[in-house]
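# Breakdown of the fold
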Amino acid sequence: MTRDRRPMLLAGAGVIPLLVLAVLGGAGMRVMPSYLAAWLFVLSVPLGALLLVGLLEAFAGEASPLLPPLRALLPLMPVAALLGLPVLLLSGTLYDPSAWPAAGIGREWFAHTPFSLRMVVFLLIWSALALQFSVPPRLGGRRVAAGLGFGLTLVTGTLAAYDWVMAVEPGIASSEFGLLVLAGAMLSALSVAALLACLVDPPASYGFAGPLLILLALWMFLHFSQFLVIWSANEPHEASWYLHRIDGLGAACLWLAVLLLLAAPVLRLPAIRPAARRRLIAAIAGLALLVRLLESFWLITPSFRGHFTLSAADLLAAAGLIALVVGVHLAGWLPALGRRRLVRA
């Protein structure tokens, strides 16, 4: 078996769990919440990379060593967007406009046609920006364009977080929910980029220690502050959102996230040898990805099950989508698109 064929075989293997998931859905099992959660996790990697690349190019320029591995993730955005087609077609099984009060704009906002149009627009905008920023800028940089792209992604990403995540259970209304979801997306992207750097360019991976710690702290702070505000408000319909997620495996996931945050500061200890630091960065990044994957299901599936647990449909959706996207990425033809665009320019 040649090296070039293995990534595509991995991508093909990812199709098998998705076909099984489709068969189970056709047999009457409710599989779309599992697919939505897995898709949101996969989408979070190029979306978070787009935010980070825009932020770094706008304020740090080309001097940041984080940019190359983050740019390598951007061509995955069109693939992730295409994988959202089942969510677009079957959104009626996930989102119920009638669950919103008749007096507000919720029912009109989440009606099928406006919801579908917004989803298509968001994914098209992100795909166009991702392909544009997947290659380094010409001489002189593009700080203004990067800043504008970051702002546009931030606004549309916040709206998408309300549309695709918060709307599965309309009982909660949090003004920081969009920032929480986008912080998780940036953590996913930075973790994947750190793992890529550890494999491809080990010396460059050392620069990920500080940003990983900062993003972990920000992500956990947003989670804690949202919980504190909602729980202290003592509104039953909002508190039930957390009760659904604390029950079952929710407590175990909480302790895993706390353990991750407590372990992350080890990355900044000066006495650690370079080889050991690289292994620690890879371990923290891998654990962060695991926690983010669990968080994605934690945000979505309890709204349909009343508690947090992992089902066979969850495992099939996650395994299928991750294998498919990783296989396509490792095959190399997506980054090659970016190189051809650069040559033509």
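Just so we're clear, the structure is a prediction, and the values are computed from it rather than from any experiment. (Residues numbered from 1 in each chain as written. Predicted model: local features only at pLDDT ≥ 70, side-chain atom pairs only at ≥ 80, totals over all residues. Heavy atoms only, no water.)

Before going further, it helps to examine the overall build of the protein chain. Check the secondary structure of the protein chain and you find 17 helices and 0 strands. Oriented by its inertia axes, the alpha-carbon framework of the protein chain measures out at about 55 × 45 × 45 Å. In the protein chain, which comprises 345 residues, the share counted as buried stands at 50%. Restricting to contacts in the protein chain with at least 6 residues of sequence separation, those with at least 24 account for 78%. (Helix = DSSP H or I, 4+ residues; strand = E, 2+ residues; numbered from the N terminus. Buried < 20%, exposed > 50% of the residue type's maximum accessible area, 1.4 Å probe, protein only. Contact = heavy atoms within 4.5 Å.)

Taking 1.5 Å of rise per residue, 20 residues should cover 28 Å, and helix α16 (residues 312-331) covers 28 Å from first to last C-alpha, within 8% of that figure. Among all positions in α16, only Ala-313, Asp-314, Ala-317, Ala-318, Gly-320, Leu-321, Ala-323, Leu-324, Val-325, Gly-327, Val-328 and His-329 are buried. (Expected span 1.5 Å × (residues − 1).)

What follows concerns the environment of Leu-89. Positionally, Leu-89 belongs in helix α5 (residues 85-89). When the C-alpha atoms of Leu-89 and Ser-116 are compared, they prove to be 8.4 Å apart, with 27 residues separating the residues in sequence.

Right, let's talk about the confidence of the model for the protein chain for a bit. Where the model shows low pLDDT, its predicted coordinates should not be examined in detail. Taken as a whole, the protein chain shows an average pLDDT of 85; of its residues, 92% reach a score of 70 or greater. For the protein chain, per-element mean pLDDT is lowest for helix α17 (residues 333-344), which scores 41, and highest for helix α2 (residues 32-59), which scores 95. For the stretch residues 335-345, pLDDT sits under 50, and the model shows 12 contacts to residues farther than four places along the chain or on other chains. (pLDDT = per-residue confidence, 0-100.)

A rise of 1.5 Å per residue sets the reference length of helix α1 (residues 5-26), with its 22 residues, at 32 Å; its end C-alpha atoms lie 32 Å apart and thus fit the reference within 8%. Residues of α1 that are buried include every one of Pro-7, Ala-11, Gly-14, Pro-17, Leu-18 and Leu-21, and no others. Along α1, the residues classed as buried sweep out an arc of 110 degrees about the axis, all on the same side. The exposed residues of α1 that point more than 90 degrees off its buried face are Arg-5, Ile-16, Leu-19, Val-23 and Gly-26. Check the buried side of α1 and you find it contacts α2 and α16. Looking one or two places after α1, you find Gly-28, whose phi comes out positive at around 110 degrees. (Arc of directions from axis to C-beta.)

Our next topic: the packing of helix α9 (residues 177-200) against helix α14 (residues 274-300). Closest axis-to-axis distance for the α9/α14 pair is 9 Å, and the angle between their directions is 145 degrees. Of the two possible hands of crossing, α9 and α14 adopt the one that is left-handed. Packed against α9, whose contacting residues are Phe-177, Gly-184, Ala-185, Leu-187, Ser-188, Ser-191, Val-192, Ala-194, Leu-195 and Cys-198, the element α14 presents Arg-278, Ile-281, Ala-282, Ala-285, Gly-286, Ala-288, Leu-289, Arg-292 and Leu-299 at the interface. Residue composition of the contact of α9 with α14, grouped by class: 13 nonpolar, 4 polar and 2 charged. (Axes fitted to C-alpha atoms, helices over the stretch in contact; angles between N-to-C directions. Left-handed = near helix turned anticlockwise from the far one by under 90°. Nonpolar A, V, L, I, M, F, W, Y, C, P; charged D, E, K, R; others polar.)

Okay, the pattern of salt bridges next. Inspection of the entire model under this criterion finds 6 salt bridges. Asp-314 is the salt-bridge partner of Arg-305, the closest N and O atoms lying 2.8 Å from each other. Connected via shared salt-bridge partners are Glu-57, Arg-71 and Arg-142. (Salt bridge = Lys/Arg side-chain N within 4 Å of Asp/Glu carboxyl O.)

Okay, the packing of aromatic side chains next. Counting across every chain of the model gives 10 aromatic pairs. Both rings, one in Phe-227 and one in Tyr-242, keep their centres 5.1 Å apart while their planes meet at 80 degrees; by these two values the pair is edge-to-face. Of this pair, Phe-227 sits in helix α11 (residues 209-233) while Tyr-242 sits in helix α12 (residues 236-246), placing them 15 residues apart in sequence. The partly exposed category is assigned to Phe-227, whose relative accessible area is 29%. Under the relative-accessibility criterion, Tyr-242 is labelled buried at 4%. Judged by centre distance (4.9 Å) and plane angle (75 degrees), the ring pair of Trp-241 and Tyr-242 falls under edge-to-face. In terms of burial, Trp-241 and Tyr-242 fall into one category: buried. Each residue in the set Phe-177, Phe-227, Trp-241, Tyr-242 and Trp-298 is aromatic and connected to the rest through ring pairs, giving one cluster. A cation over an aromatic ring shows up here: Arg-118 above the ring of Trp-109, its NZ or CZ 3.9 Å from the ring centre. (Phe/Tyr/Trp six-rings, centres within 6.5 Å; stacked < 30°, edge-to-face > 60°. Lys NZ or Arg CZ within 6 Å of the ring centre and 35° of its normal.)

Here the focus is the side chain of Arg-118. If you trace the backbone, Arg-118 turns up in helix α7 (residues 112-133). Each residue touching Arg-118, except ones within four places of it in the same chain, is listed here: Trp-109, Phe-110 and Asp-163.

A few words now on the environment of Met-166. Tracing the chain through its elements places Met-166 in the loop between α8 (143-164) and α9. Counting along the chain gives 133 residues from Met-166 to Leu-299, while the straight-line C-alpha distance between them is 8.1 Å.

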